[in-house]
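# Fold and contact review
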Amino acid sequence: MRKDKKQVIGEEIGDESIKLFLEVEPADATPPSLHKLIKAYRGLRIDDFERFLGFFVEAGYDLDAKDAQGNDFVALIQDQRQAEPYIEAIKAARR
């Protein structure tokens, strides 16, 4: 973890802080929607990620965005230990 980044444990974060994840843009050819999902997955707890998904969809981003190899968000994280609740949240948001 970077020295300037404070670790937050158990502390509720506000909507404005969650919405900041909508502003991140990729530095490579990754589709912006996919990049935002990955950054939010890495930076938010599951409860906050679920709230993020509401803002994400409301802003018109694509839950099914794929990288150049055809991988969507679920395909990219499915082998990670903590991924299951995030995958379930994506599936619920797609409905």
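Basis of the calculations
Residues numbered from 1 in each chain as written. Predicted model: local features only at pLDDT ≥ 70, side-chain atom pairs only at ≥ 80, totals over all residues. Heavy atoms only, no water. Salt bridge = Lys/Arg side-chain N within 4 Å of Asp/Glu carboxyl O. Helix = DSSP H or I, 4+ residues; strand = E, 2+ residues; numbered from the N terminus. Buried < 20%, exposed > 50% of the residue type's maximum accessible area, 1.4 Å probe, protein only. Axes fitted to C-alpha atoms, helices over the stretch in contact; angles between N-to-C directions. Parallel < 35°, antiparallel > 145°, perpendicular 65-115°, else oblique. Left-handed = near helix turned anticlockwise from the far one by under 90°. Contact = heavy atoms within 4.5 Å. Lys, Arg positive; Asp, Glu negative; His and termini not counted. Phe/Tyr/Trp six-rings, centres within 6.5 Å; stacked < 30°, edge-to-face > 60°. Lys NZ or Arg CZ within 6 Å of the ring centre and 35° of its normal.

### Some words on the pattern of salt bridges
- One pass over the structure, following the stated rule, counts seven salt bridges.
- Across the pair Asp48 and Arg51 runs a salt bridge, and its minimum N-O distance is 3.1 Å. Here Asp48 pairs with Arg51, and both are found in helix H3 (residues 46-58), just three residues apart, close to one helical turn.
- Owing to a relative accessible area of 3%, Asp48 belongs among the buried residues under this scheme.

### Some words on the packing of helix H2 (residues 32-43) against H3
- Direction vectors running N to C along H2 and H3 enclose 160°, while the axes themselves pass 10 Å from each other. In terms of orientation, H2 lies roughly antiparallel with respect to H3. Once H2 is placed against H3, the crossing between them reads as right-handed. Judged by residue contacts, Ser33, Lys36, Leu37, Ala40 and Tyr41 of H2 engage Phe49, Phe52, Leu53 and Phe56 from H3.

### Observations concerning the side chain of Asp67
- With respect to the secondary-structure elements, Asp67 resides in the loop between H3 and helix H4 (73-77).
- The buried charged residue Asp67 lacks any salt bridge, with Lys66 as its nearest oppositely charged partner at 8.9 Å.
- Residues within four places of Asp67 in sequence aside, it is in contact with Pro31, Leu34 and Leu76.

### Topic: the packing of aromatic side chains
- Evaluated as defined, the whole model comprises eight aromatic pairs.
- Centre to centre, the rings of Phe21 and Phe52 are 6.5 Å apart; their planes meet at 80°, and the pair counts as edge-to-face. Here Phe21 is found in the loop between helix H1 (15-19) and H2, whereas its partner Phe52 is found in helix H3, with 31 residues between them in sequence. The exposure classification of Phe21 matches that of Phe52, with both residues buried.
- Sitting above the plane of the Phe55 ring, Lys19 keeps its charged end 4.8 Å from the centroid.

### Remarks on the environment of Ile46
- Inspection of the secondary structure assignment puts Ile46 in helix H3.
- Along the backbone, Ile46 and Ala83 are 37 residues apart, and their C-alpha atoms lie at a distance of 9.5 Å.
- Other than its neighbours up to four places away in sequence, Ile46 contacts Pro85, Tyr86 and Ala89.

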